[in-house]
Amino acid sequence: MWTESTLTNSVAPRIRPNSTTMRIAIATERSGQSFYRRAASFTRDQRGKAVFTKLAEEENEHLRTLEKRYAELMATDPLLESRPTFLFFKGAANGIFAAAADELGPGVSDLDALLIGIRCERGSHNFFKKYGERFEDSEGKRIFLEFAEEEREHLELLIREYRGLLKRYHAPPAPQKPHRATPARPSPKRALSKRRSA
């Protein structure tokens, strides 16, 4: 039986995508969607809220794609579900973002939410890339490597937003136009008395 340490300490065997790999990919996208929806609801910064909303929508698209591909895989191989589970997928069984969604709540700043998202996207990218590279040439390999690339793009988007929010928080206030004093207009009584005395 293969374990993570066996795979890292020896030549990694080529593996075939099975129902486990697809279920974990689906769980990761589902947990990502849930995390981003929750993050959008807690975020006060409008740009950050828009980024989280966009990522939730993209994770939903990924989820629909994976579920469709999983159904196709099951249709071509009805015994797929009965194949053994790979031990090295256990850590991601509930989705990489699952625990992170629980970290969001009152007291978590917008910057904290972005950092949590960055951590999860980095883990998701590494997961898809690492195991996608171990698959035999197949549709599963293509799916995992495609998702690795998309998760990398999400990671870069979150990093840019984090840096942008830091700048917005620490930017000096915009300089205000100097207030020009308008010359005092003489009161009507003073103006009349000056004219009479002249």
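Just so you know, these numbers come straight off a predicted model, no measurement behind them.

### Quick notes on the overall build of the protein
1) Next: Within the protein, the secondary structure is distributed over seven helices and zero strands.
2) Next: Look at the contacts in the protein between residues 6 or more apart in sequence, and 80% of them connect residues 24 or more apart.
3) Next: Accessible area for the protein stands at about 12,300 Å²; split by element, carbon and sulfur atoms hold 56% of it.

### Observations concerning the pattern of salt bridges
1) Next: Under the counting rule described, the total for this entry stands at eleven salt bridges.
2) Next: The closest approach of N and O atoms between Lys-68 and Glu-72, which form a salt bridge, is 3.9 Å. Taken together, the residues Lys-68 and Glu-72, both in helix H3 (residues 46–76) and four residues apart, mark about one turn of the helix.
3) Next: Accessibility expressed as a relative area gives 54% for Lys-68, which makes it exposed.
4) Next: A residue is classified by how much of its surface remains accessible, and Glu-72, at 42% relative accessible area, is partly exposed.
5) Next: Each of Asp-45, Arg-47, Glu-161 and Arg-168 takes part in a single network of salt bridges with overlapping partners.

### A look at the packing of aromatic side chains
1) Next: Counted under the stated rule, the structure contains nine aromatic pairs.
2) Next: A network of ring pairs unites the aromatic residues Phe-127, Phe-128, Tyr-131, Phe-144 and Phe-147 as a single cluster.

### Focus: the nonpolar core
1) Next: Counting residues in hydrophobic clusters, the biggest one holds 24 residues, and the most contacted among them are Phe-35, Tyr-36, Phe-52, Leu-104 and Leu-158.
2) Next: Among the elements that make up this core, the one with the highest residue count is helix H5 (residues 110–134) (six residues).
3) Next: If we ignore the near neighbours within four places in the chain, the residues touching Leu-104 are Phe-35, Arg-38, Ala-39, Phe-42, Ala-113 and Ile-116.

### Description of empty space enclosed by the protein
1) Next: What the rule picks out here adds up to one cavity of 30 Å³ or more.
2) Next: Estimated volume of the largest cavity: approximately 30 Å³.
3) Next: Every residue lining the largest cavity is listed: Phe-42, Thr-43, Leu-104, Gly-105, Val-108, Ser-109, Asp-110 and Ala-113.
4) Next: Partitioning the lining of the largest cavity into residue classes produces four nonpolar, three polar and one charged.

### Describing the side chain of His-125
1) Next: Examined against the element boundaries, His-125 turns out to sit in helix H5.
2) Next: In this structure, His-125 is in contact with Ala-148, Glu-151 and Arg-152, ignoring residues within four places of it in sequence.

### Remarks on H3
1) Next: In this model, H3 (31 residues) spans 46 Å end to end at C-alpha, consistent with the 45 Å of a helix rising 1.5 Å per residue.
2) Next: Within the span of H3, buried status applies to Gly-48, Val-51, Phe-52, Leu-55, Ala-56, Glu-59, His-62, Leu-63, Leu-66, Arg-69 and Tyr-70.
3) Next: For H3, the N-terminal cap is Asp-45; the gap from its side-chain oxygen to the backbone nitrogen of Arg-47 is 3.4 Å.

### Observations concerning the packing of H5 against helix H6 (residues 139–170)
1) Next: Remark: H5 packs on H6, axes separated minimally by 8 Å, with the N-to-C direction vectors making an angle of 160°. Of the possible angle classes, the one that applies to H5 and H6 is roughly antiparallel. When the axes of H5 and H6 are compared, the crossing they make is left-handed.
2) Next: Each residue belonging to the contact of H5 with H6 can be placed in one class, and the counts come to 18 nonpolar, five polar and nine charged.

Calculation notes
Residues numbered from 1 in each chain as written. Predicted model: local features only at pLDDT ≥ 70, side-chain atom pairs only at ≥ 80, totals over all residues. Heavy atoms only, no water. Helix = DSSP H or I, 4+ residues; strand = E, 2+ residues; numbered from the N terminus. Contact = heavy atoms within 4.5 Å. Areas by Shrake-Rupley, 256 points an atom, 1.4 Å probe, with all protein chains shown as cover. Salt bridge = Lys/Arg side-chain N within 4 Å of Asp/Glu carboxyl O. Buried < 20%, exposed > 50% of the residue type's maximum accessible area, 1.4 Å probe, protein only. Phe/Tyr/Trp six-rings, centres within 6.5 Å; stacked < 30°, edge-to-face > 60°. Core = buried A, V, L, I, M, F, W, Y, C linked by side-chain atoms within 4.5 Å. 1 Å grid on protein atoms, 1.4 Å probe; cavity = no way out; pocket = protein on both sides within 12 Å on 5 of 7 lines; lining within 4 Å. Points joined across faces, edges and corners; volume = space filled by probe spheres on them. Nonpolar A, V, L, I, M, F, W, Y, C, P; charged D, E, K, R; others polar. Expected span 1.5 Å × (residues − 1). Polar contact = N/O pair within 3.5 Å; in protein donor to acceptor, adjacent residues only side chain to side chain. Axes fitted to C-alpha atoms, helices over the stretch in contact; angles between N-to-C directions. Parallel < 35°, antiparallel > 145°, perpendicular 65-115°, else oblique. Left-handed = near helix turned anticlockwise from the far one by under 90°.

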